[in-house]
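Fold and geometry: a report
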Amino acid sequence: MTSLRYPGRQVRELRVPLPQWRWPRRDHLLEQVYRRGPPPFNPFPSVQDIVDAALCPYAVFHKFYHGYHGALIGLRGDEGEGIQLGHHFHNFISFLKTEIIAGRARPDDAQSLLGRYCSSQHVDVDTENSLRSYLRYWLRRKRESLEQLRSQMPRVFFEVHVASINVTFARGVRFPLSGIIDEIDTTNRKIIERTLRGREDDVEPPFLKDFQLWLLWKIISSIDGDAIREVLGCIDLRDYELIVETPYRDFRIDKNNPQFNEWAEDAFSWINDLATGNHSRLAIAISEAWRNRGFYNRPCRYGEEIEECMMRNACYYRRRRYPERRSALRSDLRRLYYALFNEQIWKHDLILYQLAYMEQCPDIALRNELRRLLVGKSIFPVKVIEPLNGENFVLRIDEHLRGPLSEVIQDEVVNLDIVFGSFSVGLRRRAHLDIDNPRSNIRNGQIVVSVEGPINVEGLNALLIRDSLLLREEPWFLKRLVQRSLFYLEKWGLDRDDRARAHVTIRFIDTLFGSGRFRARVEDHEPH
Amino acid sequence: MRDLRRARGICPKCGSSYVIKYGKFKLKEKTLQKYRCKNCKHVWYEGVAESISPQAYELILNMLRMFIKDMDLRKSLDDAGWLPLNEEDLRLVRELNFCEVDYENMRGRINPLSKLPEEVLSTDEGLIFSDYIKSMSIIKEVYGVCRDEKKYCDAITNGLKLMFQRAKYAFWEKEGGFMPDEVRSLILNPQWIRISEKFSNFLAESLISTIIYGPSSILSVYKNVIEKENSNLLKIFDNIKPQWDKILKYFYEHSELIEFLGLVWFTFKKVEEYGVDYLGARTLVFDEIVKIVAKKKGIKEEDLRSKLREISEDLDQLIEEESWGVSWNDVFTIPW
């Protein structure tokens, strides 16, 4: 099933498809090039980037240069809470299913389990009530399948991270793409994308959710079968059913929708042009993105903004007269936005390419070189010895990695993820090394790690994904915070003009970027 | 719930449309309406029109929104902003001296040539409207400049000078040690910022004279300028001369690109001076510059756009064989 809201191309101009993606060269991957200026390769896009570009190309610009997160939201008024709600709902469903599969709970316990979940996650009363009402709808139609879970004990994985450098669409051009699949049920051969979006009486999947799921399926279909088998215990996911699940209904998604191919190629083309370090190309792409803003059959305009877009206040923000030199301020800030974006690609996207090439590149020599480069610096291969409970695991570390890992632990701002399985297909979670745990002893090569997010320990045990990775990244997301703050400054002003005219920061900006005068006030006790 | 939402626009902080009115605030000059976002609790103010009746005020805002929508769709100034009116609206519009009415088609709009009252101008719609009006007057000015060949040349010259002034002069070398030591010490010198101004002036003059007189004049300009400069700067000129000559030749053969760059920087300065903030208005000016240059050079707009997209790659190719040089991509930029 495809959403009926996609009648075809009415507003958006057709983008010239890319003949090829800008990939990092061997010397970039092996870090033999000094990192300066705009990277000569494109970012490693996520499924969310592609969906956002399909929603509105200008959203990609805000995302890259102004540090915004995803653009697509639901149709509820309370967008901020909506994100949290969706996150909690999905986490709870995975928790519920895990408990039922493990035989620790029955479907009738769902409501009481929700209470337990909410208190453990410190969810406030309003959110809990909302979750309860969504759960009621969901349980009405899922009771039977939950009973089936108890008897069948299927192998289900939640929040599976997938990444590939071999995703192709209709024209056969190769692209990189990464994303997170909400649920893979390898027993019943289903891939599920869960959402709170949509309404009770909807007869079509929520807007762009079908496209999102299709992209995730494209990634996993492009990954080598052996890599998948090692983690998920199955080889071919190409014939799996794709289901978008709302609290009210399940929608089966058609994999052969030609529009999806067109949108995906379009989105990659926008990302290529907007992420370029080539200033002239970027200036033209900005003007084209602005002309094509909105989605395929509805433009986004002042006063008629697209409600689903979380970034509409970035395009149509509150306008204030002061500071008067905002335009000149923006020109100066623009360089900083670009520089901060470049840093993110050098720091974050390059490591994604390195990891993906390390596992998927046909050149074995390059794979080995990358492994040698990254192990002990960005990645620490570990083995899972045993799960202590749902959140803590005991890991074994090889002898040669004990020293580098000890050094990493000294770093107060260390940002670690654990990947159960591989980077291409694995369960990627935030991890904290619990060095105070009595079972931790780095000298003996053992450490306890505390993991955030749902993990089906039983599922893991069944396959015993022993090979895992501790992944260390520099805090690249701080650059996004700086971008967001700068963009906030660019838009900033006071509602009251009388106060704005005399405001010290506004006068300072007008003086720096214009011909305004800025004088210190002479204090009474100072000689005139 | 429906009444609470969209009381007036969206929250300026989080973008939520879950907004309520939150009381009024009286000042000496005017009254402000307070709003509160139910999502992020942010409170803000918007002016309340006191000299205009609420019905007329709403009608004016609708006309302004229609104008913005039409201009976003790139309608001409004559066709933009016309709102169908009923008898009651007509009565309201007649009392306003900044509106115009087309009685034949029963429609009205804000007159783009008239001055809006402060309470209308300070609204979001009023500010975007004035941005569009400013951008239209910039475009008109640029068209005027383009009709006079001398003014056109001056505009391009000034634009290119601005481009070179604002450029970031970054140097690169293929491997450490390729760049001559004297050049390295000069560009790492704290005085480089001051010296780079002279450097940019030389580049600008050299480029401009090439466009006007042709590539044969390169040497004479080069000589005239460098004789007055210090010896270290002379060394940079000597070293970059081969790649600079290639660039001059490239732009001489693609004069449409250099004319575009000059004109776009000339116009950009005006956009900054006028304080045009709304992106729709800025891109309108940009698109118009593409149109002007394409028409003047007798090429298709799309061809010019695709040539502009390729500038960086072309410049990279030109200096591919050099072992060190300037990052010309940071010099020949489009400022939007």
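Reference entry: report on the structure contained in this document. Being a predicted model, the structure only gives us computed values, none of them experimental. Sequence order as written defines the numbering, with residues in each chain counted from 1. Just so you know, chain letters begin at A and ligand numbers begin at 1, following the order they were written in. Reporting in this predicted model follows two pLDDT cut-offs: at least 70 for local features of residues, and 80 or more for side-chain atom pairs to be given and counted; totals over whole chains, interfaces and linings ignore these cut-offs and use all residues. Processing note: side-chain calculations cover all non-hydrogen atoms of the structure and skip hydrogens and water entirely.

1. Considering helix 5 (residues 110-120) of chain A
Residues and elements named next belong to chain A. All buried positions along helix 5 are accounted for by Ala110, Leu113, Leu114, Tyr117 and Cys118. Looking down the long axis of helix 5, one finds its buried residues gathered within 140° of arc, a one-sided arrangement. Exposed residues on helix 5 whose side chains face more than 90 degrees from its buried face are Ser112 and Ser119. Helix and strand definitions here come from DSSP, where helices need a minimum of 4 consecutive H or I residues and strands a minimum of 2 consecutive E residues; each element is numbered from the N-terminal end. Histidine 122, located one to two residues past helix 5, shows a positive phi value of around 55°. Remark: exposure states derive from per-residue accessible area (1.4 Å probe, protein chains only) relative to the maximum for the residue type, with buried under 20%, exposed over 50%, and partly exposed in between. Note that the arc is defined by the directions from the helix axis to the C-beta atoms.

2. Focus on the packing of helix 7 (residues 209-221) of chain A against helix 9 (residues 258-274) of chain A
Residue and element names in this part refer to chain A. With axes taken as lines fitted to C-alpha atoms, and helix axes fitted only over the stretch in contact, angles between N-to-C directions fall between 0 and 180 degrees. Closest axis-to-axis distance for the helix 7/helix 9 pair is 11 Å, and the angle between their directions is 80°. In terms of orientation, helix 7 lies roughly perpendicular with respect to helix 9. Together, Asp210, Phe211, Trp214 and Leu215 of helix 7 and Phe260, Asn261, Trp263 and Ala264 of helix 9 make up the contact between the two elements. Partitioned by chemical class, the residues of the contact of helix 7 with helix 9 number six nonpolar, one polar and one charged. For this classification, under 35 degrees means roughly parallel, over 145 means roughly antiparallel, 65 to 115 means roughly perpendicular, and everything else is oblique. Contacts were defined at the residue level, with two residues in contact if any of their heavy atoms lie within 4.5 Å. Here the term charged refers only to Asp, Glu, Lys and Arg, the term nonpolar to Ala, Val, Leu, Ile, Met, Phe, Trp, Tyr, Cys and Pro, and the term polar to all other amino acids, Gly among them.

3. Section: the packing of aromatic side chains
Aromatic rings from Phe, Tyr and Trp, taking only the six-membered ring of Trp, are treated as a pair when their centres fall within 6.5 Å; an angle between ring planes under 30 degrees marks them as stacked, one over 60 as edge-to-face, and anything in between as tilted. Applying the stated rule across the entire model yields 54 aromatic pairs over all chains. Ring centres of phenylalanine 175 of chain A and phenylalanine 268 of chain A lie 4.1 Å apart, and the angle between their planes is 15°; on these two criteria the pair is classed as stacked. Here phenylalanine 268 of chain A lies in helix 9 and phenylalanine 175 of chain A lies in strand 2 (residues 174-185), a separation of 93 residues in the sequence. The exposure class assigned to phenylalanine 268 of chain A is buried, which follows from its relative accessible area of 0%. Between phenylalanine 164 of chain B and phenylalanine 332 of chain B, the aromatic rings sit 5.7 Å apart at their centres with planes inclined by 80°, giving edge-to-face as the arrangement. Taken together, the residues span a long stretch of sequence, with phenylalanine 164 of chain B in helix 5 (residues 149-166) and phenylalanine 332 of chain B in the segment after strand 8 (324-326) at a distance of 168 residues. With respect to class, phenylalanine 164 of chain B is no different from phenylalanine 332 of chain B; both count as buried. A ring is considered to have a charge above it if a Lys NZ or an Arg CZ atom is located within 6 Å of its centre and within 35 degrees of its normal. The ring of tyrosine 137 of chain A carries arginine 140 of chain A above its face, with NZ or CZ at 4.8 Å from the centroid. Sitting above the plane of the tryptophan 290 of chain A ring, arginine 293 of chain A keeps its charged end 3.9 Å from the centroid.

In short, the description is geometric, and any link to function would need to be established separately.
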